[in-house]
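Examining the three-dimensional arrangement
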Amino acid sequence: MATICDEPWTLNVVRVMSRPVSSSDEHAQRAIAQAWPDALDAEAFETLFRECGSDVHAYAISLLGDRAAAEDVMALAFERLYRSRARLDHRRGSPRAWLFAIARNAALDELRRRRRQPRHELEDELAADRDRGEALEDVERRATVRDALAALPLREREVVLLKFHGQLSNSELARALGISESNAGTRLHRALARLREGCLQAERQEEIA
Amino acid sequence: MKVIPFPGGGSASPDEAAWLAELEAALNGDGDGAIAGSWRQLRQDVRALAPPMDLEFERQLRAQIAEQATHSAPKQPHRRSGWLRPPGRLGSAAGIAAIGAVIAAVVIAGPWRAGTGPIEALPHQPAASSNAGRAESFDHLGVSAPKGPFRAAKNATAQGSASASAGAASNAPASAPAAGGVGSAPGRVQQLAASITLAATPSDVQETADRVSRLAVSDGGFVQGSHVQVQQAGTSEANLMLSVPSAKLSGALASLGQLAPVRAESQSLQDITNTYDAARQRLSDATAERQALLHALSRATTEGQIDSLHERISQNRGAIAQARSALQTVSQHASTAEVEVTVLGDAHTGSEGLTLHRGLHDAGRVLVVTLVILLIAAAILAPLALLIFALLTARRAWLRYQRERMLDAR
């Protein structure tokens, strides 16, 4: 449930605002901070929300497996982004990359804070896909991808999610992860290889069955 | 086939860079062919796995963003003017720390503190040890009625009988410490002295010296000697030697400090109990001798004895007078304190007659003081900043470690 705060600009979903705003994503903020050409005014911010909001939400819910937590993370990420908008630096990454870096840290903090295993609501959502009348082949393929993705270690899964949901370049991915670009590439390569392996394995098992 | 066979597999290959470039191109829509299509398909599948955002949540968030857009439209924070922005929590803390450090530095280095600050060495800073033996070298002082705790002793000595004088004097040391200004000890006879250096403009030296004299008189003291030297160019100076009641020494110094800025101040104390006791004993002995001579005179029977006794009594009278005078001098030393006042009229201290040279000198002095303050502030702030930086770095590293560990744990 959300409430509106007196402050004109605070992304104050109650679940988010009921706890103190941590500056734990300072690293990411600083990594991509000073990142925008000019100021990120409220109008540009609204545009950013329109373009990236659903992706951030998808990333968070895919990582956390919890809708409420994902909404918390999303609101927190946008709030932090807005608060630190004056430190943007265009040379160090796009606003989208910055946003995802903040969201990533917020999501990890959320996991760490709640000490909660990701819950997989995706299964139910996938069932809803069938109801939407999509092709059975698509539904089954996504189920395979979902299982393979869920089988990945969290460290590798987050790389894949950041890459596909965030649509980040390799350099932006590296900056969001706080590692070198070559390391990020290696990690992405390994994660996708393992994802492919998982998909092929699931496919083989299904063929055998 | 349910899964599009996107490429990849095995450990990092030597062609990893090319592989990543191909992936990047495919995801950006630049690549063609089945492989690029498979990458895009995979991305689409992964993105399709995530359930859509809750409509109510999205609506609220969007509404708040739109509300903000209407509230803060003209706000244009730029990095160039970032320092104009309201400070955050860290900035506020840093600002408070900086202000505190500057205040501390100002307090430490403040030029108004006596004897400190960027002021040249003082010509007179008599130390307590330099006053050793002063008690025995006060013969040049003018004789005045002793005041304070020794007055009763002196008066009794001067007027009354020798025994009464000795008795009164013997009581004096017990009350003498009440007059002591610095570190007086019970039952001791102590002599106080002080030295103070005042700063004044050259034109104010004479006036300040006059005010010092008037102050000494108003405090029940007097000016033992003074020397005032006023020069058209260079340093003017006045030296005054005051004698004030010991009981009023502290008050006198405080009053002197209000006449002009104090550059230096010192106080000294010398114990003269032995000198006092010796003088008192000599007087007592002489008085006893007189009593004995008078007694012998009353019993004398011959002219020769009477003449001899008269002569000895006459000599004894002189001895008594001498002993009494010595005791009076010592008492006076204990009941009065010497204050050496130096008024320095530095040519650059004044504000009159503004000249380029004086202005430059003053500006230089202001700069020096400012630099000293900044230096002290930096000395306080630098370790503080290092500590805060180290703490922040450690905290950041700890958070990062926790996140990474959490990733590995799952």
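Residues numbered from 1 in each chain as written. Chains lettered and ligands numbered in written order. Predicted model: local features only at pLDDT ≥ 70, side-chain atom pairs only at ≥ 80, totals over all residues. Heavy atoms only, no water.

Quick notes on the overall build of chain B
- If you tally the helices and strands in chain B, you get 11 helices and 5 strands.
- Sorting the 410 residues of chain B into buried and exposed places 36% on the buried side.
- Considering only intrachain contacts with a sequence separation of at least 6, the fraction spanning at least 24 residues in chain B is 74%.
- Summed over all atoms, the accessible surface of chain B reaches about 22,000 Å², with 59% contributed by carbon and sulfur. (Helix = DSSP H or I, 4+ residues; strand = E, 2+ residues; numbered from the N terminus. Buried < 20%, exposed > 50% of the residue type's maximum accessible area, 1.4 Å probe, protein only. Contact = heavy atoms within 4.5 Å. Areas by Shrake-Rupley, 256 points an atom, 1.4 Å probe, with all protein chains shown as cover.)

A word on the pattern of salt bridges
- According to the stated counting rule, one finds 17 salt bridges over all chains in the structure shown.
- With a shortest N-O distance of 3.0 Å, Arg188(B) and Asp271(B) are connected by a salt bridge. In this pair, Arg188(B) sits in the loop between helix H6 (162–175) and strand S1 (190–200) while Asp271(B) sits in strand S4 (residues 262–271), placing the two residues 83 residues apart along the sequence.
- The residue Glu207(B) makes a salt bridge to Arg214(B) at a minimum N-O spacing of 3.7 Å.
- Connected via shared salt-bridge partners are Arg104(A), Arg155(A), Glu158(A) and Glu404(B). (Salt bridge = Lys/Arg side-chain N within 4 Å of Asp/Glu carboxyl O.)

What to know about the confidence of the model for chain B
Residue and element names in this part refer to chain B.
- Here chain B averages 73 in pLDDT, while 69% of its residues score no lower than 70.
- Predicted confidence is poor over residues 73–85, with pLDDT under 50, and the contacts of this stretch with residues over four places away or in other chains come to 17 contacts.
- Here the prediction assigns the complex a pTM of 0.49, and the interface score ipTM is 0.73. (pLDDT = per-residue confidence, 0-100.)

A short note on the sheet that holds strand S5 (residues 336–345) of chain B
Residue and element names in this part refer to chain B.
- Strands sit in the order S2-S3-S5-S1-S4 across an open sheet of 5 strands; the sheet is mixed. Two strands close off the open sheet at either side, each with one partner strand: strand S2 (222–229) and S4. Pairs of neighbouring strands in the sheet enclose a mean axial angle of 10°, with direction left out of account.
- Across 8 bridges, the pairing between S1 and S5 is parallel. Its bridge partner lying in S5, Thr197 is registered against Thr342.
- Lying over the sheet, helix H7 (residues 205–218) contacts S1, S2, strand S3 (236–245) and S5, oriented at roughly 5° with respect to S3. (Pairing = 2+ DSSP bridges. Axes fitted to C-alpha atoms, helices over the stretch in contact; angles between N-to-C directions.)

Some details on the packing of helix H8 (residues 154–166) of chain A against helix H11 (residues 356–409) of chain B
- In the contact formed by H8(A) and H11(B), the axes pass within 7 Å of each other and the chain directions differ by 105°. The angle between H8(A) and H11(B) falls in the class roughly perpendicular. Of H11(B), the residues touching H8(A) (which contributes Leu154(A), Arg155(A) and Glu158(A)) are Glu404(B), Met406(B), Leu407(B) and Asp408(B).
- Taken together, the residues that form the contact of H8(A) with H11(B) break down as 3 nonpolar, no polar and 4 charged. (Parallel < 35°, antiparallel > 145°, perpendicular 65-115°, else oblique. Nonpolar A, V, L, I, M, F, W, Y, C, P; charged D, E, K, R; others polar.)

A closer look at unusual backbone geometry
- For Gln167(A), which is not a glycine, the phi torsion comes out positive at approximately 50°.
- A relative accessible area of 37% means that Gln167(A) is categorised as partly exposed.

Quick look at helix H5 (residues 95–114) of chain A
- Taking 1.5 Å per residue as the helical rise, H5(A) with its 20 residues ought to reach 28 Å, and the 28 Å between its terminal C-alpha atoms agrees with that figure.
- Within H5(A), 18 of the 20 residues are buried, which leaves it mostly tucked inside the rest of the structure. (Expected span 1.5 Å × (residues − 1).)

Let's talk about the packing of helix H9 (residues 170–177) of chain A against helix H10 (residues 181–208) of chain A
Residue and element names in this part refer to chain A.
- The interhelical angle for the contact between H9 and H10, taken along N-to-C directions, is 100°, at an axis separation of 8 Å. As summarised for this structure, H9 and H10 are arranged roughly perpendicular, according to the angle between their axes. Note on element contacts: H10 touches H9 through Glu181, Ala184, Arg187 and Leu188, opposite Asn170, Ser171, Leu173, Ala174 and Leu177.
- Residues of the contact of H9 with H10, tallied by class, amount to 5 nonpolar, 2 polar and 2 charged.

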